[in-house]
Amino acid sequence: MKTGPVLVPVLGDQLSPALSSLADRSRNDTVVLMMEVADETTYVRHHQAKIALILSAMRHFAEDLRAQGWQVDYVALDDPDNTGSFTGEVQRAVQRHGARGVEVTEPGEWRVRQMFDGWAGVLGVPVRVMPDTRFVCALPDFMAWAQGRRELRMEWFYRDMRRQTGLLMQGDQPEGGRWNFDADNRSGPEAGLTPPAPLHFAPDAVTQDVIALVRSRFGNHFGSLERFGWPVTRADAMRLLDHFIATRLADFGRWQDAMLADHDTMFHALVAPALNLGLLDPVEVCRKVEAAYRRGDAPLAAAEGFVRQVIGWREYIRGMYWLMMPDLATANALDATRDLPDFWWTGETRMRCIAQTVRATRDNAYAHHIQRLMIMGNFALIAGLDPQQVAAWFLAVYADAYEWVELPNVAGMALHADGGRLASKPYAASGAYISRMSDYCKGCQYNVKLKTGPDACPFNALYWHFLDRNTERLSRNPRLAQPYATWRRMSDDKRAEYVTSAEAFLATLD
Ligand SMILES: Cc1cc2nc3c(=O)[nH]c(=O)nc-3n(C[C@H](O)[C@H](O)[C@H](O)COP(=O)(O)OP(=O)(O)OC[C@H]3O[C@@H](n4cnc5c(N)ncnc54)[C@H](O)[C@@H]3O)c2cc1C
Ligand code: SF4
């Protein structure tokens, strides 16, 4: 029987001081193992800034742990003995330290969970996988909530999370007498709207080393490192959050869905990368936002809108991921099979909304929610792009993308590939929506007011083509009754014109 220390592997998105695998361990009987492994950097070709963010945050976290007295065994990417896989590195570390057991917090991803479940058979020591306590809703509680419900609507789940956390509550009633203030939010941009710039964190020496490493090893991946400015420590992530609360929270709700070509981040918080790495805790983030509301620094509609995104959508999405995996990874309820067009990578398209979103994505490893949902996601939906290719793109390009949060958003919310389990209707929209919510159309080579023909905004004909080709699957959805009624009322000639125009555009993609 081995008598060495317990080995605690800490993954790149487990950079939390309160991680469950560390919570009850004593420092003199534990080796923390952190691993930069090639498999994780290349299983999809991640944006260069995403790789730099994760590696730099890991290196900083290892230093913080050491400063707190933990023994940290850190395997760098360019270590010549690095096997390139989690399993290989844990095996080597068990041998190196004569570890008597392995304790690890459950991973966020199905693929890695399968790997962990195989460790007991290959490591020769006991393996304990512990729940990830960094979420409001424990997974067994989500499964219990979902069981037996015909409809798994986020809104009902969200109310439970409000009650459970006490956030924005007055006793057992919601603050302000309503659970949801969306009706007060989501305006289109008005002339002269100028969002304040977010904080930018200049790379320190550790980050500069990592950037050099990424340039040399992954320089052919998508994305730029020129403007890298993400927070890579918990202290900086807190500064980012405080700055958001001080400068943009008050307007967050109102302009949540607005898009401006010259403002890549609008009034958004930019906290998803830090939250998903574990640098910030979702409840602490929401408590700070609630405190700003209670001080009178932000209206209730903005604070409630933000809190709903974090303890509502984020938690619900995570639960839905584990509920629907592994089937979700291959779900394709609308039989969409078109390959991803090259311009998703190059941005070279006459569609200004897409060109601008791809440009922002390349520059920042970031696009805000409505660009993801109503520009890229909407286009993929109505043009019938293959969900697996679309999901692989989203997973690769965003700094906050991990499969547990990316896949349900892409396959469920954006593409309806899950058959509508997550969203009660597909988020399909024509150019009119984009024109109302952005300034993209003004400078576009297409004309958003034209419905068909070579100069017409492609979103217009694609929207009707999407409804038409999915009549069997979608026309009984009560939330689509109105558009289908409009489609049926059109003359045969008009409908044929839309279909011909959409098919001419789709042919250019093939
Ligand atoms: C197609 C698509 C793909 C997406 N992929 C990801 C992803 O890979 N990783 C990711 O974290 N989010 C993803 N989202 C959700 C959302 O777009 C991002 O969380 C958000 O844009 C991050 O920027 P922010 O921190 O400035 O968010 P804000 O707009 O300021 O919102 C605040 C926080 O709310 C949470 N949030 C809001 N909406 C969602 C949501 N739908 N799901 C989960 N959390 C949410 C995030 O933690 C976010 O940081 C995706 C959405 C869509 C439609
Ligand atoms: S006209 Fe159409 S393609 Fe051009 S920016 Fe507007 S919505 Fe996009």
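The structure presented is a predicted model; accordingly, all values stated were derived computationally and were not measured.

A short note on the overall build of the protein
Here is step 1: Within the protein, the secondary structure is distributed over 23 helices and seven strands.
Here is step 2: Its C-alpha atoms give the protein a radius of gyration of 24 Å, within 12% of the compact-globule value 24 Å for 510 residues.
Here is step 3: For the protein, the spread of C-alpha atoms along the three principal axes comes to 80 × 55 × 50 Å.
Here is step 4: When burial is assessed residue by residue, the protein has 59% of its 510 residues classed as buried.
Here is step 5: Long-range pairs, those at least 24 residues apart, make up 78% of the contacts in the protein with a sequence separation of at least 6.
Here is step 6: Accessible area for the protein stands at about 20700 Å²; split by element, carbon and sulfur atoms hold 49% of it.
Here is step 7: Positive and negative side-chain charges of the protein, numbering 56 and 62 respectively, have mean locations separated by a distance of 4 Å.

A word on the site of ligand 1
Here is step 1: Around ligand 1 sit 28 residues in total, of which His-268, Ala-269, Leu-270, Asn-276 and Tyr-366 are the nearest.
Here is step 2: Within the contact set of ligand 1, an oxygen atom lies 2.7 Å away from a side-chain nitrogen or oxygen of Tyr-366.
Here is step 3: Residue His-369 places a side-chain N or O atom 2.9 Å away from an oxygen atom belonging to ligand 1.
Here is step 4: Those elements that place two or more of their residues in the shell around ligand 1 are helix 11 (272–277), helix 13 (300–324), helix 16 (369–383) and helix 18 (403–414).
Here is step 5: For the shell around ligand 1, the element with the highest residue contribution is helix 13, accounting for six residues.
Here is step 6: Split into classes, the residues belonging to the shell around ligand 1 amount to 18 nonpolar, six polar and four charged.
Here is step 7: Split by domain, the residues of the shell around ligand 1 number at least three in each of domain 2 (139–196 + 248–324) and domain 3 (343–509).

Points about the domain arrangement of the protein
Here is step 1: The assigned domain composition of the protein is domain 1 (6–130), domain 2 (139–196 + 248–324) and domain 3 (343–509).
Here is step 2: Using C-alpha coordinates to define each centre, domain 1 is positioned 31 Å away from domain 2.
Here is step 3: Together domain 1 and domain 2 conceal approximately 810 Å² of surface at their shared face, both sides included; 62% is due to carbon and sulfur atoms.
Here is step 4: Where domain 1 meets domain 2, there are one salt bridge.
Here is step 5: In this structure, Glu-106 engages Arg-318 in a salt bridge whose closest nitrogen and oxygen atoms are separated by 3.5 Å.
Here is step 6: At the boundary of domain 1 and domain 2, one finds three residue pairs in polar contact (both at pLDDT 80 or more).
Here is step 7: If you list the elements that add at least two residues to the side of domain 1 that touches domain 2, you get helix 3 (48–67) and helix 5 (110–123).
Here is step 8: Counting residues per element, the side of domain 1 that touches domain 2 draws most heavily on helix 3, at three residues.
Here is step 9: Looking at the side of domain 1 that touches domain 2 residue by residue, the classes come out as six nonpolar, four polar and four charged.

Thresholds, definitions, all that
- Residues numbered from 1 in each chain as written.
- Chains lettered and ligands numbered in written order.
- Predicted model: local features only at pLDDT ≥ 70, side-chain atom pairs only at ≥ 80, totals over all residues.
- Heavy atoms only, no water.
- Helix = DSSP H or I, 4+ residues; strand = E, 2+ residues; numbered from the N terminus.
- Rg over C-alpha atoms; globule rule 2.2 N^0.38 Å.
- Buried < 20%, exposed > 50% of the residue type's maximum accessible area, 1.4 Å probe, protein only.
- Contact = heavy atoms within 4.5 Å.
- Areas by Shrake-Rupley, 256 points an atom, 1.4 Å probe, with all protein chains shown as cover.
- Lys, Arg positive; Asp, Glu negative; His and termini not counted.
- Charge placed at Lys NZ, Arg CZ, Asp CG, Glu CD.
- Near = heavy atom within 4 Å.
- Polar contact = N/O pair within 3.5 Å; in protein donor to acceptor, adjacent residues only side chain to side chain.
- Nonpolar A, V, L, I, M, F, W, Y, C, P; charged D, E, K, R; others polar.
- Domains from an automatic or database assignment.
- Buried area = accessible area lost by both parts, 1.4 Å probe.
- Salt bridge = Lys/Arg side-chain N within 4 Å of Asp/Glu carboxyl O.

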